[in-house]
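Results of the structural survey
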Amino acid sequence: MEITPLAPSLGAEIRGVALGHVSAPEMERIKALLTEHLVLFFPDQHLTVDDHVGFARHFGLLEAHPNLASPECDAPEIFELMATHGGVADEWHSDITFQPEPSKFAILNMVKCPAVGGDTMWANMYKAYDELSPPLRDLCDGLTALHDAHPHGRPEQTAIHPVVRVHPETGRKSLFVNEHFTRRIVEMRHEESDMLLGHLTHWATNPRFTVRYHWTKGTIAIWDNRCTQHFVLNDFDEERVIQRATVMGDVPEAGSPPRWPAWMPGGFTGAMGRHDRQVNRHLRREAKDLESNSRDD
Ligand SMILES: O=C(O)CCC(=O)C(=O)O
Ligand SMILES: [Fe+2]
């Protein structure tokens, strides 16, 4: 395999392997390269849907998109996104973090892309964490945040995750909040949460942490959602079609337990902001689930 790193922070282009029939040693090598570079690009693969799904299965169990349909694509494991004149995910995010177990990997097939425009960017969340000052790292280590599916019109789908997660394979810490799905730091007043989330989500996308990829038709990309975020440039007129296989996730593990309880405004519930209410509802639901589970035991 021929490996070309694309940026100092993350990303490598790989040639000299046919993903339609990878051998076990090649698969081992690809997994190691993904751990090292966080996002990999394999140009000129031109996989069929079956080969794409077959390759993606090497990374784990696949899941359909929880909220968005792919009317033009029959394969249940594939999420297809068609766009013309832009209309893509142009907010930084890691995939489906509003779920209790957000997806581990995405394996994307670029089916049709504009000659110019529609590039995708990724950012390295290990670096975004490592380069915070020690006091801010320490604060973030002790916090959790509420994520929701508001971008899919489903704000009632919520999950609470650590603001800093530990990667189960590398043991490294990474920043795990994103502008698309993260709403509230659970342990803070909403004004403080807005300030900190605003800073962290902006910081996470510092150009030094990123790579930008210009697609060609038939390229396969794989990224690790646990330590990266991505953003599609909404700057094209032609048609752009991607097909994504999504590998089921795990519960994000915290480096340390939350050091403070959830913060709630005192007094009458009318004083609550929208995201306070969401946190409140989520915690009540969790407590109820816990109670009914212990009753079942
Ligand atoms: O279209 C792309 O480049 C990526 C879209 C996206 O956000 C995703 O598939 O998760
Ligand atoms: Fe995405």
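The present account deals with the structure reproduced in this document. (Residues numbered from 1 in each chain as written. Chains lettered and ligands numbered in written order. Predicted model: local features only at pLDDT ≥ 70, side-chain atom pairs only at ≥ 80, totals over all residues.)

1. Let's talk about the overall build of the chain
A count of helices and strands for the chain gives 6 helices and 17 strands. Here the C-alpha atoms of the chain give a radius of gyration of 20 Å, agreeing with the 19 Å that 2.2 N^0.38 yields for 297 residues. Dimensions of the chain along its principal axes, counting C-alpha atoms only, are 60 × 45 × 40 Å. For the chain, with 297 residues in total, the buried portion stands at 40%. (Helix = DSSP H or I, 4+ residues; strand = E, 2+ residues; numbered from the N terminus. Rg over C-alpha atoms; globule rule 2.2 N^0.38 Å. Buried ≥ 20, exposed ≤ 12 C-beta atoms within 10 Å, placed from the backbone.)

2. Digging into the sheet that holds strand S8 (residues 144-149)
Here 3 strands make up an open sheet; going across it, the order is S9-S8-S12 and the pairing antiparallel. In the strand order of this sheet, the two ends are held by strand S9 (154-162) and strand S12 (182-185), each with one partner. Adjacent strand axes in the sheet meet at a mean angle of 25°, parallel and antiparallel pairs treated alike. Where S8 and S9 come together, 6 bridges link them in antiparallel fashion. Residue pairing in the sheet places His 147 in a bridge with Ala 159 of S9. (Pairing = 2+ DSSP bridges. Axes fitted to C-alpha atoms, helices over the stretch in contact; angles between N-to-C directions.)

3. As for the sheet that holds strand S15 (residues 228-232)
Taken in spatial order, the 3 strands make up an open sheet running S13-S7-S15, and their pairing is antiparallel. Sheet topology places strand S13 (210-213) and S15 at the edges, where each strand pairs with a single neighbour. In this sheet, adjacent strand axes meet at a mean angle of 20° when their direction is disregarded. Sheet topology places strand S7 (residues 120-124) next to S15; 5 bridges connect them, and they run antiparallel. Bridging across to S15, Asn 124 finds its partner in Thr 228.

4. Some remarks on the site of ligand 1
Every residue lining ligand 1 is accounted for by Leu 81, Val 88, Ala 89, Asp 95, Ala 106, Leu 108, Thr 120, His 230, Val 232, Ile 242 and Arg 244. Counted by class, the shell around ligand 1 contains 7 nonpolar, 2 polar and 2 charged residues. (Near = placed C-beta within 6 Å. Nonpolar A, V, L, I, M, F, W, Y, C, P; charged D, E, K, R; others polar.)

5. Describing unusual backbone geometry
You will see that Asp 44, though not glycine, has its phi angle at about 60°, which is positive. Along the chain, Asp 44 turns up in the loop between strand S3 (39-42) and helix H2 (49-56). For Asp 44, a count of 11 C-beta atoms within 10 Å gives the class exposed. The phi dihedral of His 46 is positive, around 45°, even though this residue is not glycine. With respect to the helices, strands and loops of the structure, His 46 is situated in the loop between S3 and H2.

6. Topic: the pairing of S3
Burial of the side chains of S3 extends over both faces: Val 39 and Phe 41 are buried on one face and Leu 40 and Phe 42 on the other. Alignment of strand S2 (residues 12-15) against S3, held across 2 bridges, turns out to be parallel. Following the sheet pairing, Glu 13 is matched in S3 by Phe 41. Viewed along the sheet, the connection from S2 through helix H1 (residues 24-37) into S3 turns out right-handed. (Right-handed = clockwise from strand over helix to strand, strands pointing away.)

As far as function goes, none of this settles anything; it's purely spatial.
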